[in-house]
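# Topology and contacts: notes
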Amino acid sequence: MNPEQARIEADLRGLIEGDVYCDDLFRQMYATDGSILQVVPAGVVRPKSVNDVSAVVRYAAENNLPIHARGAGSNVVGGALGSGLVLDFSVHMRRIVVESGNRVRVQPGAVLANVNRILERSGQVFGPDPATRSVTTIGGVISLDATGSHWLKYGSPRDKVRQLQIVMADGSVAMIGRDAMPTAETRRLAAQIELVLGRRRQVIEEHQPATKTNHAGYNLTDIITDGHLDLAKLIAGSEGTLAIITEAVLETQALVKHRGVILLFFEKMQTAAKTALEILEEDISACELLDRRLLSLVRSYDERFQQLVPENAEVMLLVEVQADDGPELRLRVSALENKFRRDKQATWSRSTCNADERNLYWRMARRGIPMQFGMKGPRQAIPFVEDVAVPPQRLPEFLRDLPGILNTCDVTATVFAHVAQGVVHLRPQLDLADPADVARIEQLANRLFDRVLELNGTITGSHGDGLVRTPWLRRQYGRMYDVFAEVKHEFDPGNVFNPGKIVETSPFELAKNLRRFANDPLPVGSDAQISEVASLEPTKADSVNENSGRLPRLRSKKADQNNRSAIVPQLNWTLPQMAATAAQCNGCARCRTASPD
């Protein structure tokens, strides 16, 4: 720890009750997330209260330190990375309080799945369901306006936010939202934003995509409700760039009693895409599309999936139907399955209204993306152009053109789509230790985003902009991009909150900020450190018992010489093996789950 880091740590520990870490180990632990990037922060703070957050923000503003709010760290676009102070809400600020009626009060570190487990006791649910809901925090859900598979049924989180407690750029605490009483400061801020919107109304209207969902930039089109500007709807989806969320009151919905799922398999992508548009005209709650590569991974993962997925399937649609009456649900599921098997639209199908089978079908769809991370070889599925969106009616057209774009860049990719939103999740397979593949990233992004914008789509339909996609926002929005800068300035004139996201502060250098991968030179430290680790060996007293299967305890020769104990590894790995294994961590955060199973 250098003197500057030591000073920051000492200062903050004297100001707050929470944890403060500025040592090299903790800084490195928070240097990555679910993206392909790596940015080492100045320090890590785990606040225990809104007072802690307020004190840290004031300190950061006085010392010209950026603030980066963080939950599970599963963001795939570098949204929680930066060179300033990381605020990790997932350790202490996790309180969940179910209020009367259809309201739940939560702190930002509460995990979405845990919130719903508690709500289930009273027959309620918070509907938006991003794929990482078993680990993602409520703060992340709101900050990214993360929707998920059941958008048709539940809409977006920003529509469910009744009230937010936020810490503003000067460290003051405010309550905003439909259920909050405005203060002089929140009235002033709302009035300033209304002036910006009024002055730039024509530019804003002219630069909106025709998509069902849009997570690029700030959403400025529907934040005025009943003649009043709803600051909470603006904060939702702003990626921690305008204020820090410290508590939320969310609207919940009644749990649906019965759900059924239909699997439809097709031999051609175009047939599946066109059929999906017909399915959207039905009363359904979800429609997901998986391509052949994902289905192959699914089949290889579990014998049960081999029985569900035909070998020759090119595409699968998963369709969910909900109802409050069991017999009614079975009739509707059967009718829909028969309708889309007629005329051989689907070559094969399967359906269920059984809860265990339904959950198995959903696991098959949702685990396709994580399964890619276990692929052998230097090329891995990476998130970068991860969630483009087009108007749903133009989805067949986009999926028709996609193979040509990939072939031009000499890249293969998997395809997973939320059909109702027109969101397409792409994972190109690249070796980021290879400079040629790194160059392909920008080439692919340029070609793909150009086609998406030609179709009046958006470069991000789900996961936000972060460090990865912010450099392309001006291409999508043109003159409207300057409106984002005005909004940012009204909230955060000192550019303290998560700089470099949505509003670019300086040109972003991708190659400079790439995570280390297995083929990179190993940052193992000094020769003395290497020799100490390499000299670990079993002690005579701890010889391996061939029948016991126990590993020997290891002892450092240097530790023996100094007559002191050492923390030693329990697996007999070489340094290159350890580095290669660590490099395969994709940052999905699934290891953080608190799920009972």
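Scroll up for the structure.
Calculation criteria
- Residues numbered from 1 in each chain as written.
- Predicted model: local features only at pLDDT ≥ 70, side-chain atom pairs only at ≥ 80, totals over all residues.
- Heavy atoms only, no water.
- Helix = DSSP H or I, 4+ residues; strand = E, 2+ residues; numbered from the N terminus.
- Buried < 20%, exposed > 50% of the residue type's maximum accessible area, 1.4 Å probe, protein only.
- Contact = heavy atoms within 4.5 Å.
- Areas by Shrake-Rupley, 256 points an atom, 1.4 Å probe, with all protein chains shown as cover.
- Expected span 1.5 Å × (residues − 1).
- Arc of directions from axis to C-beta.
- Polar contact = N/O pair within 3.5 Å; in protein donor to acceptor, adjacent residues only side chain to side chain.
- Phe/Tyr/Trp six-rings, centres within 6.5 Å; stacked < 30°, edge-to-face > 60°.
- Pairing = 2+ DSSP bridges.
- Axes fitted to C-alpha atoms, helices over the stretch in contact; angles between N-to-C directions.
- Patch = residues over 30% accessible without salt bridge, like charges linked within 9 Å, V, L, I, M, F, W, Y side chains within 5 Å.
- Salt bridge = Lys/Arg side-chain N within 4 Å of Asp/Glu carboxyl O.
- Parallel < 35°, antiparallel > 145°, perpendicular 65-115°, else oblique.
- Left-handed = near helix turned anticlockwise from the far one by under 90°.

### Observations regarding the overall build of the protein
Of the regular secondary structure elements, the protein holds 23 helices and 23 strands. Within the span of the protein, comprising 597 residues, buried residues form 55% of the whole. For the protein, contacts bridging at least 24 residues in sequence account for 72% of all contacts bridging at least 6. Working note: accessible area of the protein is about 26,600 Å², and carbon and sulfur atoms make up 48% of it.

### Structural notes on helix 13 (residues 326–341)
Because an α-helix packs 3.6 residues into every turn, residues spaced three or four apart end up facing the same way. Across its 16 residues, helix 13 extends 23 Å between first and last C-alpha, which sits within 8% of the 22 Å expected from 1.5 Å per residue. For helix 13, the set of buried residues is Gly326, Leu329, Arg332, Val333, Leu336, Glu337 and Phe340. Buried residues of helix 13, seen end-on, are gathered within an arc of 130° and therefore sit on one face of the element. Buried residues along helix 13 sit against strand 14 (258–266), helix 10 (269–279), strand 16 (315–323) and strand 17 (348–352). A side-chain oxygen of the first residue of helix 13 lies 2.8 Å from the backbone nitrogen of Glu328; this N-cap is Asp325.

### Details of the packing of aromatic side chains
Going through the model one piece at a time under the given rule, you end up with eight aromatic pairs. Centroid distance Phe449 to Trp472: 5.5 Å. Interplanar angle 80°. Geometry classified as edge-to-face. One end of the pair, Phe449, is in helix 17 (residues 435–454); the other, Trp472, is in the loop between helix 18 (466–469) and helix 19 (473–477), and 23 residues separate them in sequence. Trp472 matches Phe449 in its accessibility class, with the two residues each being buried.

### Here's the deal with the environment of Glu17
Looking at the secondary structure, you find Glu17 in the loop between helix 1 (3–13) and strand 1 (19–21). In this structure the C-alpha to C-alpha distance between Glu17 and Ser49, which are 32 residues apart in sequence, comes to 8.2 Å. Once residues within four sequence positions are removed from consideration, Glu17 is found in contact with Lys48 and Asp52.

### A few points about the sheet that holds strand 9 (residues 173–176)
Pairing is antiparallel across the open sheet formed by five strands, whose spatial order is 5-6-12-8-9. The open sheet terminates on both sides in strands that have one partner only, identified here as strand 5 (96–99) and strand 9. On average, each strand axis in the sheet is tilted by 15° relative to the strand beside it, whichever way the strands run. Here four bridges tie strand 6 (residues 103–106) to strand 12 (residues 244–251), and the two strands are oriented antiparallel to one another. Within the sheet, the bridge partner assigned to Val106 lies in strand 12 and is Ala248. Most of the contacts of helix 4 (residues 112–120) go to strand 5, to which it runs at about 35°, and overall it touches strand 5 and strand 6.

### Here's the deal with a nonpolar patch on the surface
On the surface, a nonpolar cluster with roughly 280 Å² of combined accessible area is contributed by Leu571, Trp573 and Met578. Along the polypeptide, Leu571 turns up in the loop between helix 22 (557–561) and helix 23 (575–583).

### Section: the packing of helix 16 (residues 395–408) against helix 17
Interhelical geometry of helix 16 versus helix 17 gives an angle of 160° and a closest axis separation of 10 Å. When the axis of helix 16 is compared with that of helix 17, the two are roughly antiparallel. Considering the relative orientation of helix 16 and helix 17, their crossing is right-handed. Where helix 16 abuts helix 17, its residues Glu397, Phe398, Arg400, Asp401, Leu402, Ile405, Leu406 and Thr408 lie against Gln443, Leu444, Arg447, Leu448, Arg451 and Val452.

### Some words on the pairing of strand 8 (residues 161–167)
Along strand 8, seven of the seven residues are buried, which leaves the element largely enclosed by surrounding structure. Note that strand 8 and strand 12 share six bridges and pair antiparallel. In the sheet register, Gln163 faces strand 12, and the bridge partner there is Val249. Taking the residues that link successive antiparallel strands as the turn, the strand 8-strand 9 hairpin has five residues, and the phi of Gly171 there is positive, at about 90°.

### Regarding the side chain of Thr460
Looking at the element boundaries, Thr460 is found in the loop between helix 17 and helix 18. Overall, Thr460 belongs to the buried group, its relative accessible area being 0%. Within the structure, the side chain of Thr460 is placed 3.3 Å from the side chain of Asp387, a separation counted as a polar contact. The contacts of Thr460, once residues within four sequence positions are left out, are Asn214, His215, Ala216, Asp387, Asp465 and Arg469.

The quantities given are spatial measurements derived from coordinates; they are silent on function.
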